[in-house]
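Read off the chains here:
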Amino acid sequence: MKDLIVKISTEIEIFKAESNSLVEKGVKAAGARARKSTLEIEKLLKEFRKVSIEESKK
C-alpha cells in the first residue's frame, strides 16, 4: 500500500511539472506528457481504491 501511495505522489509531481511547463513556458510537448501522466494517475487511483477496499474488509 505504501509503495502505491509513493507511485501516486510521484506521478502527481510529474503532472505538476509538465503542466507548469505547458502553461508557463508554452512547451507543447509538455502537454502530451501531462496528459499521459493523467492516464497513469487514473490507473493508480483505481488500484488504490481496490486495495483500500480489500484492506477495509480485513
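Look above for the structure.
Conventions we followed
Residues numbered from 1 in each chain as written. Predicted model: local features only at pLDDT ≥ 70, side-chain atom pairs only at ≥ 80, totals over all residues. Heavy atoms only, no water. Helix = DSSP H or I, 4+ residues; strand = E, 2+ residues; numbered from the N terminus. Rg over C-alpha atoms; globule rule 2.2 N^0.38 Å. Buried < 20%, exposed > 50% of the residue type's maximum accessible area, 1.4 Å probe, protein only. Contact = heavy atoms within 4.5 Å. Areas by Shrake-Rupley, 256 points an atom, 1.4 Å probe, with all protein chains shown as cover. Lys, Arg positive; Asp, Glu negative; His and termini not counted. Charge placed at Lys NZ, Arg CZ, Asp CG, Glu CD. Salt bridge = Lys/Arg side-chain N within 4 Å of Asp/Glu carboxyl O. Expected span 1.5 Å × (residues − 1).

Novice: Lay out the overall build of the protein with the relevant residues and their values.
Specialist: When you go through the protein residue by residue, the secondary structure sums to two helices and zero strands. For the protein, whose C-alpha radius of gyration is 14 Å, the value lies well above the compact-globule estimate of 10 Å for 58 residues. By principal-axis analysis of the C-alpha atoms, the protein measures approximately 50 × 15 × 10 Å. Relative to its full complement of 58 residues, the protein shows a buried share of 22%. Here the analysis covers contacts within the protein between residues at least 6 apart in sequence; of these, 56% occur between residues at least 24 apart. Roughly 4,700 Å² of accessible area belongs to the protein as shown, and the carbon and sulfur atoms make up 58% of that amount. Where the 14 positive side-chain charges of the protein centre and where its 10 negative ones centre are 3 Å apart.

Novice: Describe the pattern of salt bridges, with residues and values.
Specialist: Oppositely charged side chains can pair when the atoms bearing their charge come close. Using the criterion set out here, one finds six salt bridges in the structure. In this structure, the salt-bridge partner of Lys-43 is Glu-40, at a minimum N-O distance of 3.4 Å. Placement of the pair is Lys-43 and Glu-40 together in helix α2 (residues 28–56), with a separation of three residues, close to one helical turn. Glu-42 serves as the salt-bridge partner of Lys-46, at 3.8 Å between the closest nitrogen and oxygen. Of this pair, Lys-46 and Glu-42 both sit in helix α2, separated by four residues, roughly a single helical turn.

Novice: Go over α2, please, and point to the residues and values.
Specialist: Its 29 residues give α2 an end-to-end C-alpha distance of 42 Å, which sits within 8% of 42 Å, the value for a rise of 1.5 Å per residue. For α2, the complete set of buried residues consists of Ala-30, Gly-31, Ala-34, Ser-37, Ile-41, Leu-44 and Val-51.

Novice: Go over helix α1 (residues 2–25), please, and point to the residues and values.
Specialist: In this model, α1 (24 residues) spans 34 Å end to end at C-alpha, consistent with the 34 Å of a helix rising 1.5 Å per residue. Among the residues making up α1, those that are buried are Leu-4, Ile-8, Glu-11, Glu-18, Ser-19 and Ser-21. Along its buried surface, α1 packs onto α2. Following α1 by one or two positions, Gly-26 has its phi on the positive side, about 75 degrees.

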